[in-house]
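What follows is the residue order along each chain.
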There are 2 protein chains.
Amino acid sequence: MEDVAGLAGVSAMTVSRVLNAPEKVRPETRARVLAAVQELGYRPNFAARSLVTGRSGVLGVVSMDTTLYGPASTLYGIERAARQHDYLVSIASLQALTRRSIAEGVERLRSQSVDGVIIIAPHESAAEGLRHLPKDLPVVDVGGGEGVPVPVAAVDQASGAARATRHLLSLGHRTVWHLSGPANWIDASGRIRGWRSALEAEGCEIPEPLVGDWSAQSGYEHGRRMAHDPEITAVFAANDPMSLGLLRALREAGKRVPEDVSIVGFDDVPEAAYFWPPLTTVRQNFGEVGGQALQLLLDRIGGVEGDVRRMVEPELVVRESTAQRR
Amino acid sequence: MEDVAGLAGVSAMTVSRVLNAPEKVRPETRARVLAAVQELGYRPNFAARSLVTGRSGVLGVVSMDTTLYGPASTLYGIERAARQHDYLVSIASLQALTRRSIAEGVERLRSQSVDGVIIIAPHESAAEGLRHLPKDLPVVDVGGGEGVPVPVAAVDQASGAARATRHLLSLGHRTVWHLSGPANWIDASGRIRGWRSALEAEGCEIPEPLVGDWSAQSGYEHGRRMAHDPEITAVFAANDPMSLGLLRALREAGKRVPEDVSIVGFDDVPEAAYFWPPLTTVRQNFGEVGGQALQLLLDRIGGVEGDVRRMVEPELVVRESTAQRR
DNA sequence: CTGTTAGCGCATTCAT
DNA sequence: ATGAATGCGCTAACAG
């Protein structure tokens, strides 16, 4: 910076001003400095600035398995939004969602002095972890449940599940079975809630939910059993991979979809339109959730207080895996 | 830090040593310092350390669309490996893989003084971008082509494609058609190369490759056309989503897989085993690639010179979408 | 093994 | 509108 100042014939201070508050410097001086910056290829030292301002310009994201479609898309949304606000995003991925591992991930990020952290941890045990966070670090949760002590951005799972269920009911099905995710996942319980309330509202019988583990394999295994039950004419599966497994199991057992059984999934992964048959499913706008989470975090960093919940509405995408009950 | 030093009755320097080179401090002193650190909840200031050491402990990853299975998995592998070496990973995702956008991503990362950058950009235009990188920044490329001027970690695409092709040939098919990715993607051209050479080695006719865009939709569209040609009994598709589209198109047209047409994909996404029929495909170990890339980068940061290529062998996973020619 | 001195590159404060 | 002095928190180099 001294060099730049020298070349431009000003003091280091002026260079600093040009970079941080250009309007406080006379245009001609500014131009000279900028030219010098260009010529010398000067790059501000981030660590030094951070040392004196106390802010790093880096945000952290703690997440489990960023390989899954949901977390990956959310992360992508966060990163895109962060870029627009001139923030960089660092990631800490977790092996498990225990209170300890969450604390550890946050700690790792914090030791690099991130300005705030977004936690993607749609699991009950995460809520516990969120309660024991350092108070002096702005934190936002993505997909968190009700009792979470920090701002939350999430897709309205219950609403999406209700849409799916009502769609099936409107097709004349007596009731709707549910292949759910593991019970201690926030998303899973939200979807169960929405499904159940939609059935209740219509006075339908409420079957016991079948519990899968999100994988296509678990959908397949449950599907093999369901195929034997002629009562089952409509199934709402809690995500698209399970729907895929379900689809295959039913077909192998000689059931036709949607003629014999209608199926609705959840997520709308890019491939869902090319399942066989094309899958009716509930689309989650993860990018939007990521953007909302970032905004919430920026607010927090800016000193805005209070617990906020930003809910994003999911959307039912009707394709060919659902049909009128016969 | 002064406070810690005071409480432990030592100088600030000793505290610093305890944190960075514990073996250079007498155990009892060390214990006292550690206790003081605990009690005061002291956290080293990262920016200050970085300012004086010149290293930040942060690595950058530049990638396009971390939503796709390949990049997401690679990123995950990198992050996991980085954690073991006490590095944090920051990401810069790109909208497009032009020379400009790559330079911009690297620049964004560099302005936050990352110690090195890994570029996931399996696209030809990226090679151009890689040639114009700052010389003073350690860079490693994932999935890059031959002429790339930096160390590269990648799956051996040609080898995987050859395996897939030979598998089909060994099943008695006269030749193998290829549904490729866009020509300017490194992976796509590597797979074309491997497929072609395997056909040549057996003296088979080499059909013109059909060019898709990686999406299930493009697989579907090409599939509709291919279904009319009775000559086509074996297809090697350049990734799993295209295979999915292909599968559906063929079936809709009344062709059976694998009885009428055999299909091999590439990637082995988690759902591939639940396609209908379960997809024979080539598994890429992205985690391994990520780990290798990180190691390469660490070497570079450590001053190791030279262009290195670390190739990871893919593996053929035989399932039920391929069968003997009838 | 431990302490002292110095300075990393920048922004804040107070002058001019 | 610009400059000079000061210190952010830490570690490298040297001294003891």
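If you're wondering where the values come from, they're calculated on a predicted model, not measured in any experiment. (Residues numbered from 1 in each chain as written. Chains lettered and ligands numbered in written order. Predicted model: local features only at pLDDT ≥ 70, side-chain atom pairs only at ≥ 80, totals over all residues. Heavy atoms only, no water.)

## Points about the side chain of B:S159
Residue and element names in this part refer to chain B.
- Here S159 is to be found in helix 8 (residues 157-170).
- S159 sits in the buried class, given a relative accessible area of 17%.
- With residues near it in sequence (within four places) discarded, S159 still touches E313 and P314. (Helix = DSSP H or I, 4+ residues; strand = E, 2+ residues; numbered from the N terminus. Buried < 20%, exposed > 50% of the residue type's maximum accessible area, 1.4 Å probe, protein only. Contact = heavy atoms within 4.5 Å.)

## Section: the pairing of strand 1 (residues 58-64) of chain B
Residue and element names in this part refer to chain B.
- Strand 1 sits mainly inside the fold: 6 of its 7 residues count as buried.
- With 7 bridges joining them, strand 1 and strand 2 (residues 88-94) adopt parallel strand pairing. Along strand 2, the bridge assignment pairs V61 with I91.
- For the segment spanning strand 1, helix 5 (residues 69-84) and strand 2, crossover handedness is right-handed. (Pairing = 2+ DSSP bridges. Right-handed = clockwise from strand over helix to strand, strands pointing away.)

## Digging into the protein's contact with DNA strand D
- Taken together, 23 residues surround DNA strand D, and among them A:T14, A:R17, A:T29, B:S16 and B:Y42 come closest.
- When atoms of DNA strand D within 4 Å of the protein are sorted by moiety, sugar and phosphate together comprise 64%.
- A distance of 2.6 Å separates a phosphate oxygen of DNA strand D from a polar atom in the side chain of B:S16.
- With respect to DNA strand D, the side chain of B:N20 contributes an N or O atom lying 2.8 Å from a phosphate oxygen.
- Of all the secondary-structure elements, those providing two or more residues to the surface near DNA strand D are helix 2 (12-20) and helix 4 (46-53) of chain A together with helix 2 (12-20) and helix 4 (46-53) of chain B.
- The leading source of residues in the surface near DNA strand D is helix 4 of chain B, at 5 residues.
- Of the residues assigned to the surface near DNA strand D, the class counts are 12 nonpolar, 7 polar and 4 charged. (Near = heavy atom within 4 Å. Polar contact = N/O pair within 3.5 Å; in protein donor to acceptor, adjacent residues only side chain to side chain. Nonpolar A, V, L, I, M, F, W, Y, C, P; charged D, E, K, R; others polar.)

## Looking at the protein's contact with DNA strand C
- Around DNA strand C lies a shell of 23 residues, among which A:S16, A:Y42, B:T14, B:R17 and B:T29 are the nearest.
- Backbone atoms, meaning sugar plus phosphate, form 61% of the atoms of DNA strand C positioned within 4 Å of the protein.
- At 2.8 Å from a phosphate oxygen of DNA strand C is found a main-chain nitrogen or oxygen belonging to A:N45.
- When residues of the surface near DNA strand C are traced back to their parent elements, those giving at least two are helix 2 and helix 4 of chain A together with helix 2 and helix 4 of chain B.
- For the surface near DNA strand C, the element with the highest residue contribution is helix 4 of chain A, accounting for 5 residues.

## A word on the domain arrangement of chain A
- The domain architecture assigned to chain A consists of domain 1 (2-44), domain 2 (55-155 + 286-313) and domain 3 (157-283).
- Spacing between the C-alpha centres of domain 1 of chain A and domain 2 of chain A amounts to 37 Å. (Domains from an automatic or database assignment.)

## Let's talk about the sheet that holds strand 9 (residues 262-264) of chain B
Residue and element names in this part refer to chain B.
- Strand order in this open sheet of 4 strands is 7-6-8-9, and the pairing throughout is parallel. Either end of the sheet is taken by a strand with one partner, and the two such strands are strand 7 (210-211) and strand 9.
- Note: strand 6 (residues 177-180) against strand 8 (residues 234-237), 3 bridges, orientation parallel. Looking at the pairing, H178 lines up with F236 of strand 8.
- Taken strand by strand, helix 9 (residues 186-201) contacts strand 6 and strand 8, and its axis lies near 175 degrees from that of strand 6. (Axes fitted to C-alpha atoms, helices over the stretch in contact; angles between N-to-C directions.)

## Quick word on the interface of chain A and chain B
- In this assembly, 53 residues from chain A lie in contact with 53 residues from chain B.
- Summed over both sides, the interface of chain A with chain B buries roughly 4,600 Å², with 56% coming from carbon and sulfur.
- Linking chain A to chain B there are 4 salt bridges.
- A:R108 serves as the salt-bridge partner of B:E79, at 3.4 Å between the closest nitrogen and oxygen. (Buried area = accessible area lost by both parts, 1.4 Å probe. Salt bridge = Lys/Arg side-chain N within 4 Å of Asp/Glu carboxyl O.)

## Points about the packing of aromatic side chains
- Counted according to the given criterion, the structure contains 9 aromatic pairs over all chains.
- Pairing A:F236 with A:F266 gives two aromatic rings, centres 6.1 Å apart and planes at 50 degrees, and the pair type is tilted. Within this pair, whereas A:F236 is found in strand 8 (residues 234-237), its partner A:F266 is found in the loop between strand 9 (262-264) and strand 10 (281-283), the two being separated by 30 residues in sequence. Across this residue pair, the class does not change: A:F236 and A:F266 are buried.
- Here the aromatic rings of B:W185 and B:W214 are separated by 5.9 Å at their centres, their planes lie at 85 degrees, and the arrangement is edge-to-face. One end of the pair, B:W185, is in the loop between strand 6 and helix 9; the other, B:W214, is in the loop between strand 7 and helix 10 (216-226), and 29 residues separate them in sequence. Here B:W185 and B:W214 have matching classes, each one buried.
- Sitting above the plane of the A:F266 ring, A:R191 keeps its charged end 4.0 Å from the centroid. (Phe/Tyr/Trp six-rings, centres within 6.5 Å; stacked < 30°, edge-to-face > 60°. Lys NZ or Arg CZ within 6 Å of the ring centre and 35° of its normal.)

## Examining helix 4 of chain A
- Every buried residue of helix 4 of chain A is listed here: A:F46, A:A47 and A:S50. Down the axis of helix 4 of chain A, the buried set is contained in an arc of 95 degrees. They therefore lie on one face.
- Close packing links the buried residues of helix 4 of chain A with helix 4 and helix 6 (99-111) of chain B.
- Sitting at the amino-terminal end of helix 4 of chain A is A:N45, which places a side-chain oxygen 2.7 Å from the backbone nitrogen of A:A47.
- Immediately downstream of helix 4 of chain A, the backbone of A:G54 shows phi near 85 degrees, a positive value. (Arc of directions from axis to C-beta.)

## Details of the nonpolar core
- In this structure, A:V235, A:L246, A:I263, B:V235, B:L246 and B:I263 are the most contacted members of the largest nonpolar core, which totals 54 residues.
- Among the secondary structure elements, those contributing two or more residues to this core are strand 6 (177-180), helix 10 (216-226), strand 8 and helix 11 (240-252) of chain A together with strand 6, helix 10, strand 8 and helix 11 (240-252) of chain B.
- Those residues within four positions of B:L246 in sequence are excluded, and the remaining contacts are B:L179, B:G219, B:Y220, B:G223, B:M226, B:V235, B:A237 and B:I263.
- Counting 46 residues, the second-largest nonpolar core is a separate cluster that includes A:I119, A:V152, B:V58 and B:V117. (Core = buried A, V, L, I, M, F, W, Y, C linked by side-chain atoms within 4.5 Å.)

## Notes on the relation of the copies chain A and chain B
- Overlaying chain A with chain B gives an RMSD of 0.2 Å, the required rotation being 180 degrees about an axis along which the chain moves by 0.0 Å. On the angle and the small slide along the axis, the relation comes out as a two-fold axis. For chain A, the minimum C-alpha distance to the rotation axis belongs to A:S90 and amounts to 2.0 Å.
- Both copies share a contact surface, since 100% of the interface residues of chain A are interface residues in chain B too. (Least-squares fit on C-alpha atoms with pLDDT ≥ 70 in both.)

## Things to note about the environment of A:Q292
- Of note, A:Q292 is situated in helix 12 (residues 286-301).
- Taking the C-alpha atoms as reference, A:Q292 lies 11 Å from A:V308; in sequence the two are 16 residues apart.

## Let's talk about the sheet that holds strand 9 of chain A
Residues and elements named next belong to chain A.
- As summarised here, the arrangement of the 4 strands in space is 7-6-8-9, forming an open sheet in which the pairing is parallel. Sheet topology places strand 7 (210-211) and strand 9 at the edges, where each strand pairs with a single neighbour.
- Bridge analysis of strand 8 against strand 9 gives 3 bridges, and the strand direction is parallel. From the neighbouring strand, V235 faces strand 9, where its bridge partner is I263.
- Packed onto the sheet, helix 11 meets strand 6, strand 8 and strand 9 and runs at close to 165 degrees relative to strand 9.

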